[in-house]
Amino acid sequence: MSKKNYYITKGSKKREIVSFEIDKIDGYMVNPKVKKKDSIEVNKIIIINPEFSQKIIKKKIDNSITYLLNQLKIIDEDDSGDNEGSIRKSLMDAERLRLKIINNYVKYLGNTYMGLTLKKLQIIIEQLRYKLYYIEVAKNQVYLNEEKSSKKGR
């Protein structure tokens, strides 16, 4: 038995059935993650309307950028210096989002929004790299100071 998916609708005319192959429909595909008891199981949703898919993607990207900005704010407020792991994690998340925008979302977004979003992400990435560099330099300074103080004279 073949595993082809079809979408069948009843047309307005009598005895007319319209069918589409779901694999050939071009649109933004979403895989829902929430599964509840006593409900219909949905494996994938294909959004065909370009304006609607663009709104969903923009909201998804804006939420991710807001999360990254909040992480950057938390890192700025924390003066302890032991937040290298959170900086690296935020940096990886920002670069992953940048690649996702370039590889997956470019055909759904307009050029102006995509350009502005990539510029925002580049600023966030540069700020995180600067903070990581600053921590590395501080570690090297501590290491050099310990090395100088460990030498004993006569």
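Residues numbered from 1 in each chain as written. Predicted model: local features only at pLDDT ≥ 70, side-chain atom pairs only at ≥ 80, totals over all residues. Heavy atoms only, no water.

### Structural notes on the overall build of the protein chain
Here's step 1: The number of helices and strands found in the protein chain is three helices and four strands.
Here's step 2: Of the regular secondary structure in the protein chain, the N- to C-terminal order runs β-β-β-β-α-α-α.
Here's step 3: Across the 154 residues in the protein chain, those meeting the buried criterion constitute 21%.
Here's step 4: Residue pairs in contact within the protein chain that sit at least 24 positions apart in sequence constitute 54% of those at least 6 positions apart. (Helix = DSSP H or I, 4+ residues; strand = E, 2+ residues; numbered from the N terminus. Buried < 20%, exposed > 50% of the residue type's maximum accessible area, 1.4 Å probe, protein only. Contact = heavy atoms within 4.5 Å.)

### As for the nonpolar core
Soluble globular proteins tend to bury their nonpolar side chains together.
Here's step 1: I57, I61, I101, Y105 and L128 are the most contacted members of the largest nonpolar core, which totals 24 residues.
Here's step 2: Where this core is concerned, the elements lending two or more residues are helix 1 (50–77), helix 2 (84–105) and helix 3 (111–149).
Here's step 3: Considering each element in turn, this core owes the most residues, eight residues, to helix 3.
Here's step 4: For I61, the contacting residues outside a window of four places in its chain are I101, Y105, L109, Y113 and T117. (Core = buried A, V, L, I, M, F, W, Y, C linked by side-chain atoms within 4.5 Å.)

### So, a nonpolar patch on the surface
Here's step 1: On the surface, a nonpolar cluster with roughly 290 Å² of combined accessible area is contributed by I40, V42 and I45.
Here's step 2: Within the fold, I45 resides in strand 4 (residues 45–47). (Patch = residues over 30% accessible without salt bridge, like charges linked within 9 Å, V, L, I, M, F, W, Y side chains within 5 Å. Areas by Shrake-Rupley, 256 points an atom, 1.4 Å probe, with all protein chains shown as cover. Salt bridge = Lys/Arg side-chain N within 4 Å of Asp/Glu carboxyl O.)

### Concerning the pattern of salt bridges
Should the charged atoms of two oppositely charged side chains come close, the side chains can pair.
Here's step 1: Taken as a whole and judged by the stated rule, the model has six salt bridges.
Here's step 2: Between D76 and K131 there is a salt bridge, with its nearest N and O atoms 2.4 Å apart. Within this pair, whereas D76 is found in helix 1, its partner K131 is found in helix 3, the two being separated by 55 residues in sequence.
Here's step 3: With a closest N to O distance of 3.6 Å, E136 and R88 form a salt bridge.

### Focus on helix 1
A turn of α-helix holds 3.6 residues, and therefore any two residues three or four places apart point the same way.
Here's step 1: Between the first and last C-alpha of helix 1 there are 41 Å, a value that for 28 residues agrees with the 40 Å anticipated at 1.5 Å per step.
Here's step 2: All buried positions along helix 1 are accounted for by S53, I57, I61, I65, L68, Q71, L72 and I75. (Expected span 1.5 Å × (residues − 1).)

### Describing the packing of helix 1 against helix 2
Here's step 1: Between helix 1 and helix 2, the shortest axis-to-axis distance is 10 Å and the interhelical angle comes to 160°. Taken as axis vectors, helix 1 and helix 2 run roughly antiparallel relative to one another. The interaxial crossing formed by helix 1 with helix 2 has left-handed handedness. Side by side, helix 1 and helix 2 meet where I57, K60, I61, S64, I65, Y67, L68, Q71 and I75 of the first sit next to S86, I87, K89, S90, D93, A94, L97, I101 and Y105 of the second.
Here's step 2: Split into classes, the residues belonging to the contact of helix 1 with helix 2 amount to eleven nonpolar, four polar and three charged. (Axes fitted to C-alpha atoms, helices over the stretch in contact; angles between N-to-C directions. Parallel < 35°, antiparallel > 145°, perpendicular 65-115°, else oblique. Left-handed = near helix turned anticlockwise from the far one by under 90°. Nonpolar A, V, L, I, M, F, W, Y, C, P; charged D, E, K, R; others polar.)

### Here we look at helix 2
Here's step 1: The terminal C-alpha atoms of helix 2 lie 30 Å apart, and with 22 residues this matches the ideal 32 Å at 1.5 Å per residue to within 8%.
Here's step 2: E84, I87, S90, L91, D93, A94, L97, I101 and Y105 are the residues of helix 2 that are buried.

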